[in-house]
Amino acid sequence: MPTISGIHHISAIAGPPQQNVDFYVGLLGLRLVKKTVNFDDPGTYHLYYGDYLGQPGTLLTFFPWSDSLKGRSGLGMATATAFSVSKDSLDFWMSRFADAAYEFQAPAERFGVPVLAFEAPDGLPLELIAHLPDGDVPRAPVPHVPAEHAIRSFHSATLTIAQPENTARLLIDTFGYAEVGEEDGRLRLQAPGDAHATVIDLLGPPAERSRMGYGTVHHIAFRAKDEEEQQAWREAVASQGYNVTAILDRQYFRSIYFREPGGVLFEIATDPPGFTKDEPLETLGTDLKLPPWLEPQRERIELRLLDLHLPTEAS
Ligand code: ZN
């Protein structure tokens, strides 16, 4: 059986789409790597952010549901999404947030590493984890942020679970994660290998009751190398009694979904074909992309979507 090498993407429900673009591109310096629609609800955007190449392990995606209520992150959810930055980058980020009048918490230590917690404008809980060695700078361009302080990838996701031991068993026994630490009721699991985004933290109660809505994570996707490996995962997960979907074509990857024992929706997504499937690397995220089966409805879909503007480089 293969092992999971880490997080592929994290998808969340967002507030207004322009606010979303302004925050993730303009303030955090991620790249908008795909502008498409929710294939299950083509009247709403599906926005994908990531590094310049749109690599698995860097992809944060949003469904901006304008008529959704504000959600509350809590039990049975991913309650924090954490990014990796360089060791000495938190001062840069704190002054950047202060200049933009964004609130953030005082940095705290976790497993011996500084963590800066803050929220997106719609309330999504985010963290910067300052652990990368200095000089580990991205080779590709980063918008808005100096390369040495840029967000590199996900570091981890924190799941808040009533009985974390059941989720831990799935991650360890089936996915191949290993327990690497425990601190203040937080169990840290890590995938083998040297990919990005290898860490999952599990927190137990007490926790707030959760409510799905904008500002909450909808699901977490893990990586499968290819379709063959995904098929093996599908069989492995089904054989343990999980109710797993058929393989769905998400255009830029193929996906299966199931709910883990603590209630978080898990997806296993293939690395290929990736975001250059329908536009060149240099112009990723520029035009509205639709899958072939929605292309005949393009005019109607575009009428229902607000125009989005990428923030211009001010500095
Ligand atoms: Zn997904």
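Each remark here, short or long, concerns the structure printed above.
No experiment lies behind these values; they were computed from the predicted model shown.

**Q** I'd love a proper account of helix α2 (residues 90-99), names of residues and values included.
**A** Those residues of α2 lying buried are L90, F92, W93, M94, R96 and F97. Residues of α2 that are buried sit in contact with α1 (17-27), β5 (77-86), β7 (113-119) and β8 (125-132). With its phi angle positive at about 60 degrees, A101 sits one or two positions after the end of α2.

**Q** Can you explain unusual backbone geometry? Please cite residues and give values.
**A** Backbone torsion omega between P205 and P206 reads 0 degrees, so that peptide bond is classified as cis. Counting through the fold element by element, P206 comes out in the loop between β12 (199-203) and β13 (216-224). Residues P272 and P273 are joined by a peptide bond in cis, for which omega reads 5 degrees. We note that H144 has phi near 75 degrees; this positive angle belongs to a residue other than glycine. Note on placement: H144 falls in the loop between β8 and β9 (153-160). Notably, Q251 is not glycine yet its phi reads approximately 75 degrees, a positive angle. Relative to the helices and strands, Q251 is located in the loop between β14 (248-249) and β15 (254-259).

**Q** Tell me about the packing of aromatic side chains, and please be specific about residues and values.
**A** One pass over the full model with this rule turns up 23 aromatic pairs. Here the aromatic rings of F83 and F154 are separated by 5.6 Å at their centres, their planes lie at 20 degrees, and the arrangement is stacked. Within this pair, whereas F83 is found in strand β5, its partner F154 is found in strand β9, the two being separated by 71 residues in sequence. The class for F83 is buried, based on a relative accessible area of 1%. Among the aromatic side chains, those forming a connected cluster through ring pairs are F175, Y177, F222, W233, Y242, F258 and F266. One Lys or Arg, R31, reaches over the ring of Y52 and ends 4.2 Å from the middle of that ring.

**Q** Please provide a residue-by-residue account of the coordination of the zinc ion, values included.
**A** With distances of 1.9 to 2.0 Å, the protein atoms coordinating the zinc ion are H9 (NE2), H219 (NE2) and E267 (OE). Mapping the donors of the zinc ion onto the primary sequence gives the spacing H-x209-H-x47-E. Taken as a pair, H219 in strand β13 and E267 in strand β16 (residues 265-270) lie far apart in primary sequence, 48 residues in all. Judged on exposure class, the residue H219 and its partner E267 are both buried.

**Q** I'd like a rundown of the nonpolar core, residues and numbers included.
**A** Among the nonpolar cores identified, the biggest contains 71 residues, and Y24, L28, W93, L128 and F175 are the most heavily contacted of them. Beyond its immediate chain neighbours, meaning those up to four positions away, F175 contacts T3, I4, L170, F222, W233, F258, F266 and I268. Of all hydrophobic cores here, the second largest spans 9 residues; its members include V33, Y48, F275 and L284.

**Q** If you had to explain helix α3 (residues 164-174) to someone new, which residues and values would you point to?
**A** Those residues of α3 that sit buried are P164, T167, A168, L170, L171 and T174. Just beyond α3, the residue with positive phi is G176, at close to 90 degrees.

**Q** Describe the environment of T245, naming the residues involved and giving the relevant values.
**A** Mapped onto the elements, T245 comes out in the loop between α4 (227-239) and β14. The exposure class of T245 is partly exposed, given its relative accessible area of 29%. With 11 residues separating them along the chain, T245 and R234 place their C-alpha atoms 8.4 Å apart. Discounting chain neighbours no more than four positions away, the residues touching T245 are R234, I256 and Y257.

**Q** Give me the lowdown on the side chain of E127, citing residues and values where you can.
**A** Relative to the assigned elements, E127 resides in strand β8. Classification of E127 as buried rests on a relative accessible area of 7%. Within the local environment of E127, its side chain forms a polar contact with the side chain of R110, the two groups lying 2.9 Å apart. Excluding residues that lie within four positions of it along the chain, E127 makes contacts with A80, T81, A82, F83, R110, V115, L116, A117 and F118.

Each value, and the rule that gives it
Residues numbered from 1 in each chain as written. Predicted model: local features only at pLDDT ≥ 70, side-chain atom pairs only at ≥ 80, totals over all residues. Heavy atoms only, no water. Buried < 20%, exposed > 50% of the residue type's maximum accessible area, 1.4 Å probe, protein only. Helix = DSSP H or I, 4+ residues; strand = E, 2+ residues; numbered from the N terminus. Contact = heavy atoms within 4.5 Å. Phe/Tyr/Trp six-rings, centres within 6.5 Å; stacked < 30°, edge-to-face > 60°. Lys NZ or Arg CZ within 6 Å of the ring centre and 35° of its normal. Donors = N, O, S within 2.8 Å, 3.2 Å for Na, K, Ca; no water. Core = buried A, V, L, I, M, F, W, Y, C linked by side-chain atoms within 4.5 Å. Polar contact = N/O pair within 3.5 Å; in protein donor to acceptor, adjacent residues only side chain to side chain.

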